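Summary of the model geometry
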Amino acid sequence: MHFDPVPLVLVVDDDTRSARRLAQLLREDGYAVEVAGDRAAAVGRLSRLPLPDILITDMQLRHVDGGAVARYARVGRPNISVFFVTGYPQLAPAKLGGPGADAVVFTKPLDYEALRAELDRQCTVPS
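Residues numbered from 1 in each chain as written. Predicted model: local features only at pLDDT ≥ 70, side-chain atom pairs only at ≥ 80, totals over all residues. Heavy atoms only, no water.

With that settled, consider unusual backbone geometry. Cis geometry marks the peptide bond from Leu49 to Pro50, where omega comes out at -5°. In this structure, Pro50 sits in the loop between helix H2 (39-46) and strand E3 (54-58). Of note, the amide linkage connecting Lys108 to Pro109 takes the cis form, showing an omega dihedral of -5°. Assignment of secondary structure puts Pro109 in the loop between strand E7 (104-107) and helix H5 (112-122). (Helix = DSSP H or I, 4+ residues; strand = E, 2+ residues; numbered from the N terminus.)

Laid out in structure tokens, this is it:
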């Protein structure tokens, strides 16, 4: 997938510190990044243009799971690239039915280099 001019990433995580650190790393690597700390903020952001190209969400958020966020994201943008981050990888297959089933799952603590390699594999970021 090619993004023009810069891919927009939405990071959804209720751990604000982790979300901000991930956003910082992604920005340093050339991505435009926005952060949402809960489901309501994520849905609000996914309800306005421009829609994100990439969704990176924690699998376990307060009051909702990341799968619900991914399903909502796919309503507005069916081809959005979805990446889940979880401390419970054994639960991921059960939560990925329907839209989001083709998401990539990473375990916590997040291996940023592995995430970046998968982003590079799926996306073309202009230099």
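Its volume calculated, the largest pocket comes out at about 220 Å³. Lining the largest pocket are 17 residues, with Asp13, Ser18, Leu22, Val85 and Leu110 sitting closest to its centre. For the lining of the largest pocket, the secondary structure elements donating two or more residues are strand E1 (8-12), helix H1 (16-28) and E3. Looking at the lining of the largest pocket element by element, the count peaks at five residues for H1. Tallied by class, residues from the lining of the largest pocket come to ten nonpolar, two polar and five charged. (1 Å grid on protein atoms, 1.4 Å probe; cavity = no way out; pocket = protein on both sides within 12 Å on 5 of 7 lines; lining within 4 Å. Points joined across faces, edges and corners; volume = space filled by probe spheres on them. Nonpolar A, V, L, I, M, F, W, Y, C, P; charged D, E, K, R; others polar.)

To continue, consider the packing of aromatic side chains. Taken as a whole and judged by the stated rule, the model has one aromatic pair. On the basis of an interplanar angle of 25° and a centroid distance of 6.3 Å, the ring pair of Phe83 and Phe106 is categorised as stacked. Within this pair, whereas Phe83 is found in strand E6 (residues 81-86), its partner Phe106 is found in strand E7, the two being separated by 23 residues in sequence. (Phe/Tyr/Trp six-rings, centres within 6.5 Å; stacked < 30°, edge-to-face > 60°.)

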